[in-house]
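This is what each chain is made of:
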Amino acid sequence: MSAKRWFVMLFSAAVLVLLSVAAANFIIDPFGVFGDRAFDWYAFDMTENPRAAKLAYIDAHHDEYDAYLIGPSGTSSLSPEVLNEYTGYSWYNCFNYGADLAYSEALAEYLTQNYEVRALMLTVPYVSACQYDLEPESITDTRHPNITGNAADWLRFLFANPRYSAAKLRDYLSNSYLQEVFDVFVPETGVYDKSSRDVEPIGSMDAYLEAYPVFTHDYPDKFPMTQLEACMDALERIKALCDSRGIELTVLVPPMPESQLNNYFDADLEAFYTRLGEITPYHDFARLAPNEPRYFYDENHYRNNVGEMMLARIYDDSSVYIPGPEEDIDTQLRVLLYHHIVEAGETNADTMLLADFRRDMEAIRDSGYTTVGISDLEAYVNDGVPLPERAVLIRFDDGYLSNYTLAYPVLQEFGFKAVIFAIGVSIGHVTYKDTDTPITPHFSYEQAREMVDSGLVEVQSHTWDMHQVESLDGLDCRRGLLRRENESEDEYVAALSEDFIKSRAGLETGTGQPVTALAYPYGLHDLMSLVVLSRLGVKVTFTTEAGINTLVKGLPQSLYNLSICAISDLT
């Protein structure tokens with residue numbers, strides 16, 4: 001083969017490879033800049049590069065929005081849906097990775113010059129005065145070409161490393177109902193998908209720091225605000241831009257955990273606030289109480305419910321509870337678990353003699369404990385309503401008739417509250433579902449209503465029919481709330497959703513009481529089951545694990561996966 005022919009073939013092969021890369025990047029579009037027509041999977045694109053993908057998404061959907069949140073990733077916890085309710089505008093969260101006021105300014109200019117914008121909300125953290133106009137380190141930081149105005153940037157995306165397209169194909173095939181590391185965005189609002197983090201049980205501070213030791217990290221050096229003037233000059237231009245176009249501008253300094261507040265020089269902070277106040281009114285949440293670690297996902301990201309507190313304060317919504325700076329924010333709760341009560345005869349782990357149950361109630365009284373219900377727990381966490389110093393929740397599982405005939409009169413005698421988690425399919429029955437097999441009798445809806453009307457008893461969900469028994473349901477019976485072996489995610493989500501909705505409807509119709517709590521059958525559950533239940537409105541869940549619970553004001557996650565203890569733990 002001649003050298004010339006060899007060179008032509010080599011050149012042709014190189015061109016073919018480049019064209020293949022370009023075609024793959026255009027069609028698969030791992031950053032969403034070309035419209036993501038083949039996959040329409042902006043959750044992935046935004047995870048790879050939110051600057052590029054979000055702008056592409058807005059370009060395609062700009063007629064749906066007229067107000068925008070701008071700032072670093074912590075801005076994610078400011079909910080567009082909540083803002084829509086407060087303002088009547090249609091908000092989109094444009095937050096991106098990194099705190100760079102240069103990009104915030106460029107984005108503000110692009111949005112206001114190209115689309116109708118009624119309002120902007122801008123987050124200005126301390127760290128934005130430490131860095132400015134950062135050069136992109138890789139394609140994942142590169143701005144959308146519509147922002148840069150540089151045609152060469154289209155080529156950067158077109159000829160990007162094909163591993164990004166390969167990753168999108170691979171991850172598309174393994175995508176799950178749960179939020180994954182490769183799709184951490186909700187494209188329609190622009191926020192992070194925190195569906196998994198927002199159901200993680202939160203208890204004591206010690207346990208949280210053990211799970212997230214990042215909050216114990218000690219920085220040896222402070223962060224100097226070397227870019228303060230550049231940062232504030234950009235903010236001043238954004239303010240002038242909004243004023244010239246009649247755009248409502250809201251500026252806020254976001255919350256920080258206590259461990260981060262000490263990383264800046266006092267003189268820099270004074271200059272930061274002085275200069276900020278000269279430019280525009282602002283809302284300062286840097287030291288918003290509470291700013292302890294449990295109210296943050298990590299050092300840089302405050303929780304979504306903290307974002308709701310911030311918006312409530314901005315818009316003077318007193319209905320949203322915000323813990324005060326001097327307020328005790330947590331308390332301990334003990335949960336006692338019972339099942340079936342008998343007057344005499346044999347007992348086991350799920351059956352107790354009436355005399356022993358009465359002795360337990362006497363021990364609760366004599367130890368100075370006060371019984372509480374689900375509504376009390378929710379009022380404490382969501383509204384700051386105090387709980388008794390020594391609080392205990394009496395829990396019954398399954399919904400046996402003996403709860404009504406034997407336990408309920410004792411509760412009335414002592415004036416104690418209790419919560420009964422009833423199996424929906426068994427309510428009012430003495431035989432197992434669809435069989436003539438006798439079972440321990442369960443109370444009826446009428447009897448449940450009588451107990452609820454007393455004000456002492458709440459009846460909540462133990463599922464409709466997921467408390468199954470292998471000897472009666474067969475080997476394919478469901479094990480608590482876990483997926484069956486060959487059950488797809490979609491099938492499981494549909495089954496659990498249908499089951500709980502049916503359970504809730506029956507209980508709410510039968511008792512006239514809201515159903516917001518569920519006890520896992522046999523204590524068996526996983527992350528997926530909790531995410532599904534949370535989306536269906538379940539606010540409180542109970543396990544069969546041993547432990548003493550810590551409830552935290554303002555953190556609804558502290559009501560998930562509550563543990564049980566023995567009567568001996570009360571004394």
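Residues numbered from 1 in each chain as written. Predicted model: local features only at pLDDT ≥ 70, side-chain atom pairs only at ≥ 80, totals over all residues. Heavy atoms only, no water.

## Here we look at the sheet that holds strand S3 (residues 119–123)
Taken in spatial order, the 5 strands of this open sheet run S2-S1-S3-S6-S7, and their pairing is parallel. At either margin of the open sheet sits one strand with a lone partner, and together these are strand S2 (91–93) and strand S7 (283–284). In the packing of helix H10 (residues 228–245) onto the sheet, the strands contacted are S3 and strand S6 (248–253), and the crossing angle to S6 comes to about 155°. (Pairing = 2+ DSSP bridges. Helix = DSSP H or I, 4+ residues; strand = E, 2+ residues; numbered from the N terminus. Contact = heavy atoms within 4.5 Å. Axes fitted to C-alpha atoms, helices over the stretch in contact; angles between N-to-C directions.)

## Some details on the nonpolar core
Side chains of nonpolar character tend, in soluble globular proteins, to be buried together. Counting residues in each nonpolar core, the largest one holds 56 residues, and the members touching the most others are Tyr68, Leu111, Leu120, Leu122, Tyr126, Met225 and Phe272. Every residue in contact with tyrosine 126, bar those within four places of it in the chain, is listed here: Met225, Val253, Met256, Leu261, Tyr264, Leu269, Phe272, Tyr273 and Ala286. Ranked by size, the runner-up nonpolar core spans 52 residues in total, among them Tyr369, Phe416, Ala448 and Val531. (Core = buried A, V, L, I, M, F, W, Y, C linked by side-chain atoms within 4.5 Å. Buried < 20%, exposed > 50% of the residue type's maximum accessible area, 1.4 Å probe, protein only.)

## Concerning the side chain of serine 367
Its place among the elements puts serine 367 in the loop between helix H14 (354–366) and strand S13 (370–371). Side-chain polar atoms of serine 367 contact the backbone oxygen of alanine 363, separated by 2.8 Å. (Polar contact = N/O pair within 3.5 Å; in protein donor to acceptor, adjacent residues only side chain to side chain.)

## With respect to the packing of aromatic side chains
The tally for this structure, following the rule as stated, stands at 32 aromatic pairs. Judged by centre distance (4.9 Å) and plane angle (50°), the ring pair of tyrosine 208 and tyrosine 212 falls under tilted. According to the relative accessible area criterion, tyrosine 208 is buried, its value standing at 4%. Consider the rings of phenylalanine 421 and phenylalanine 542, whose centres lie 5.1 Å apart with planes at 55°: the pair is tilted. (Phe/Tyr/Trp six-rings, centres within 6.5 Å; stacked < 30°, edge-to-face > 60°.)

## So, the domain arrangement of the protein chain
One can read the domain layout of the protein chain as domain 1 (46–152 + 183–314) and domain 2 (330–569). Put simply, the middle of domain 1 and the middle of domain 2, counted by C-alpha atoms, are 41 Å apart. Contact residues are listed per partner, giving 15 residues for domain 1 and 16 residues for domain 2. For the pair domain 1 and domain 2, the summed buried area comes to about 1,200 Å², and 58% of that belongs to carbon and sulfur atoms. Inspection of the domain 1/domain 2 interface yields 1 salt bridge. Residue aspartate 330 pairs with arginine 294 through a salt bridge whose shortest N-O separation is 3.0 Å. The interface formed by domain 1 and domain 2 includes 6 residue pairs in polar contact (both at pLDDT 80 or more). Taken together, the residues of the side of domain 1 that touches domain 2 sort by class into 5 nonpolar, 5 polar and 5 charged. (Domains from an automatic or database assignment. Buried area = accessible area lost by both parts, 1.4 Å probe. Salt bridge = Lys/Arg side-chain N within 4 Å of Asp/Glu carboxyl O. Nonpolar A, V, L, I, M, F, W, Y, C, P; charged D, E, K, R; others polar.)

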